[in-house]
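# Survey of secondary and tertiary structure
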Amino acid sequence: FSVGGRMQTYDLTKTSEIDRYVKDIGISGAKAKEVSEAIAAAGPDARDEAAQVAKAFLDAEQGKRTIERLVLSGHSVGEGVWGDSNGYFEYDMLEKLTKAFPKAAGQVEDFLVAGCYSMSPEHVERYRGMFPNVKTAMAYLHSAPGTWTGAMVHNAKWEELTRGHDPSKVNR
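This report concerns the structure included in the present document. (Residues numbered from 1 in each chain as written. Predicted model: local features only at pLDDT ≥ 70, side-chain atom pairs only at ≥ 80, totals over all residues. Heavy atoms only, no water.)

## Overview of the overall build of the chain
Scanning the chain from terminus to terminus reveals seven helices and seven strands. Its helices and strands in sequence order give the chain the pattern β-β-α-α-α-β-β-β-α-α-β-α-β-α, from N to C terminus. Here the C-alpha radius of gyration of the chain, 16 Å, is about what a compact globule of 172 residues would show, namely 16 Å. Considering only C-alpha atoms, the chain reaches an extent of 45 × 35 × 30 Å along its principal axes. Buried positions account for 41% of the 172 residues belonging to the chain. Pairs at least 24 apart in sequence give 62% of the contacts found in the chain among residues at least 6 apart. Accessible surface computed for the chain: about 9400 Å², of which carbon and sulfur atoms make up 52%. (Helix = DSSP H or I, 4+ residues; strand = E, 2+ residues; numbered from the N terminus. Rg over C-alpha atoms; globule rule 2.2 N^0.38 Å. Buried < 20%, exposed > 50% of the residue type's maximum accessible area, 1.4 Å probe, protein only. Contact = heavy atoms within 4.5 Å. Areas by Shrake-Rupley, 256 points an atom, 1.4 Å probe, with all protein chains shown as cover.)

## Re the side chain of Glu61
By the element assignment, Glu61 lies in helix H3 (residues 47–61). Leaving out residues up to four positions away in the same chain, Glu61 has contacts with Phe101, Pro102, Lys103 and Ala104.

## Observations regarding the side chain of Asp59
Turning to its location among the elements, Asp59 is positioned in helix H3. Asp59 gets classed as buried once you look at its relative accessible area, which sits at 14%. The residues contacting Asp59, other than those within four sequence positions of it, are Lys64 and Arg65.

## With respect to unusual backbone geometry
With phi around 55°, Ser85 is a residue other than glycine that occupies positive phi space. Mapped onto the elements, Ser85 comes out in the loop between strand E4 (80–82) and strand E5 (88–90). Unlike most non-glycine residues, Tyr117 shows phi in positive territory, near 55°.

## Quick notes on the pattern of salt bridges
Where charged atoms of side chains with opposite charge meet at close range, the side chains can pair. The full count for this structure, using the stated rule, is 13 salt bridges. Glu79 is the partner of Arg126 in a salt bridge, and the nearest nitrogen-oxygen pair spans 2.9 Å. Placement of Arg126 in helix H6 (residues 121–130) and of Glu79 in the loop between strand E3 (69–73) and E4 is noted, with a sequence separation of 47 residues between them. On the accessibility criterion, Arg126 (17% relative accessible area) is buried. On the basis of relative accessibility, which here comes to 41%, the residue Glu79 falls in the partly exposed class. The salt bridge involving Glu160 is made with Lys157; its shortest N-O contact spans 3.9 Å. With Glu160 and Lys157 both in helix H7 (residues 151–162) and three residues apart, the pair spans about one turn of that helix. Put simply, Glu79, Asp92, Glu95 and Arg126 are held in one network by salt bridges that share partners. (Salt bridge = Lys/Arg side-chain N within 4 Å of Asp/Glu carboxyl O.)

Structure, rendered in structure tokens:
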């Protein structure tokens, strides 16, 4: 990770290293414990992604960036996403990060889960709970298409329709 303009290495399989990372990106006190616990809640192979999301949410919380759209992409059975030979990025962990960074979570207007079995009434409520100002959410009720069998077309269309702040462009 690049922290403070210099590259740092962290062994995120160790709690002490997660704590060091959280401190190094500028989080202290009760918030540091909350964020460290959220990152630790990810499986060992997904902690790097969790740490990157935590940093992006921190930057958004501090007004250094905005996060208007968020995409999770990978294989799914409905509780998160994972990649081939990579970690499982679970909604439980993401939910902890959104609670730790409510201003950042409140910036998300459009949410896409490009993974199988990621859409149901229960999922919609969960997404709304994580992102209180979400205007659109796209996900798949059943199997999602593969990269060359429709996913790229769907993702490009979603990106086009959610560009800007006009959710009326999206055909619900």
